[in-house]
Amino acid sequence: MKNPKHIKALAARSAEQQIPSDHAQLLATKWMSTTKLAELVQTEGLVYKKGKFSAIEEQQLRDAIDKYREEKQVTEEDLLDIIFGKKSKESTFWSDITSAIPQRPLIAVYHHVRRHFHPMAQQGKWTAEEDALLKQAVADLGQQWEKVSPRVGRMSADCRDRYRNHIVNRDIRLTGGWSRDEEERLTQIVTEMTVQQGKNIDNDIFWGKVSERMGGTRGRQQCRIKWTDTLSKTVKNDGQRPRWSPLDAFILVHKVDSMNVMDDTEIDWKTLLDPDWNLWSAHSLQRRWLTMKRSIKGYENMSHLDIMEILRTKKAQVPDPLGTGRKRKDRKVMSSEAIEEDPGVDDDHIDDS
DNA sequence: ACTATATAGCAGGCCGGGCT
DNA sequence: AGCCCGGCCTGCTATATAGT
């Protein structure tokens, strides 16, 4: 409903191109658990898509649902019955709509649609009253989210998230800036839990545990964001905070370009990470991309390709990599100085045949 | 020095996957 | 089907920086 026209066009085009195959058939018709899927990946090289649904996929889903409703003459209420009721198993609804989205397993589409079409979905900010209702409901019922949900008027999953992220430890939770001491403790805890145990400092962190070890005064998300946005960069840069440079922007544009996607919601930002350019987290790169994109006038109605085209020319020059022209005398170390020559051309990415 | 713009830092809603 | 978990994504605001 809210997608711009160019997304709709892409969704339609991609639907036409779809090639039926054994695997596609399998994904769209069999209710396979994640374990089963993993097994098939091993045994017969099944490929399937994970992660957030892209704008194109969501459009394909909406189109498929509209088509189903039209063909079967299904009313609004009937549709909700099909999605949430018991008779869903008899209809071909789930298989039909899954077929419209290449490489997504049935179960993933099922979960996605059930969340999106839920009558209590996406209500925005929680009020103090809702928080109180939630707290009381959990006190009465325990963490049985399906029973808690109707008492609060929010989806079970949302109640659970709100509870664990904001209700638990609320009385001791700190907000606002981190003290020097907190920062050091967090760094200490993270390094202890990862490198000192031979694990990856960027991937193998259990934030719930970290929060616990911070004494519950900072939540798991606070810890995670603090680490990925600030502390990890500083640690990797020998204690100095790196600065985003024009060269970094240049590299980012070319990396995004090399992904060869039709829309930026298709990008898995983790795959942009590069050992030679490792100061920036996937999260910060994505945010950089967003701000770059928004700096273009009228970007809302432009396709990804149009935006790429403009950014490519705008950032075409490697802008004075050593920053000799800069005024500040004690210039902080630039994040990407490690990269010597020809940083943007970057033909070492995944070769697309 | 004054103002416009960019960025850092943070909060929190929202999501998908895996297990039972 | 329900539960738990790790993580993604975006908006807001105070502050820093660039432009005049």
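Preceding block: the structure.
Residues numbered from 1 in each chain as written. Chains lettered and ligands numbered in written order. Predicted model: local features only at pLDDT ≥ 70, side-chain atom pairs only at ≥ 80, totals over all residues. Heavy atoms only, no water.

**Quick notes on the environment of valine 74**
Condition: Runs of E in the DSSP output that reach at least two residues are strands. Runs of H or I that reach at least four are helices, and both are numbered from the N terminus. Think of it in three bands: with a 1.4 Å probe and only protein chains considered, a residue is buried below 20% of the maximum accessible area for its type, exposed above 50%, and partly exposed in between. By the convention used here, residues are in contact when the closest approach between their heavy atoms is within 4.5 Å.
Its location among the elements puts valine 74 in the loop between helix H4 (55–72) and helix H5 (76–84). Judged by its relative accessible area of 12%, valine 74 falls in the buried class. Taking C-alpha positions, valine 74 is 41 Å from arginine 287, a pair spaced 213 residues apart along the chain. Once you skip the residues sitting within four places of it in the chain, valine 74 turns out to touch Tyr68, Arg69, Leu79 and Ile82.

**Description of the protein's contact with DNA strand B**
Just so we agree on the cut-off: A single heavy atom is enough: if one lies within 4 Å of a molecule or strand, its residue is considered near that molecule or strand. In protein, a polar contact requires one atom able to donate a hydrogen and another able to accept it; more generally it is a pair of N or O atoms within 3.5 Å, and residues adjacent in sequence count only if both atoms are side-chain atoms. Each residue gets one label: Ala, Val, Leu, Ile, Met, Phe, Trp, Tyr, Cys and Pro are nonpolar, Asp, Glu, Lys and Arg are charged, and the others, such as Gly, are polar.
Lining the immediate surroundings of DNA strand B are 33 residues, of which Thr34, Arg162, Gly176, Gln221 and Arg288 lie closest. A breakdown of the atoms of DNA strand B within 4 Å of the protein gives sugar and phosphate a share of 77%. Glutamine 222 is positioned such that a nitrogen or oxygen atom in its side chain is 3.1 Å from a phosphate oxygen of DNA strand B. Lysine 226 is positioned with one of its side-chain polar atoms (N or O) 2.9 Å from a phosphate oxygen of DNA strand B. Listing elements by their share of the surface near DNA strand B, those giving two or more residues are helix H3 (34–44), helix H7 (106–116), helix H10 (156–167), helix H13 (220–236) and helix H15 (282–294). In terms of residue class, the surface near DNA strand B is made up of five nonpolar, 16 polar and twelve charged.

**What to know about the packing of aromatic side chains**
Stated formally: Working definition: rings of Phe, Tyr and Trp (its six-membered ring) pair if their centres are within 6.5 Å, and the pair is stacked with planes under 30 degrees apart, edge-to-face with planes over 60 apart, and tilted otherwise.
One pass over the structure, following the stated rule, counts four aromatic pairs. Judged by centre distance (4.9 Å) and plane angle (70°), the ring pair of tryptophan 94 and tyrosine 110 falls under edge-to-face. You can see tryptophan 94 sitting in helix H6 (residues 93–99) and its partner tyrosine 110 sitting in helix H7, a full 16 residues away along the chain. Both residues of the pair, tryptophan 94 and tyrosine 110, count as buried. Between tryptophan 145 and tyrosine 163, the ring centres sit 5.6 Å apart and the planes meet at 55°, which makes this aromatic pair tilted.

It is worth stressing that arrangement in space is one thing and function is another; only the former is reported here.
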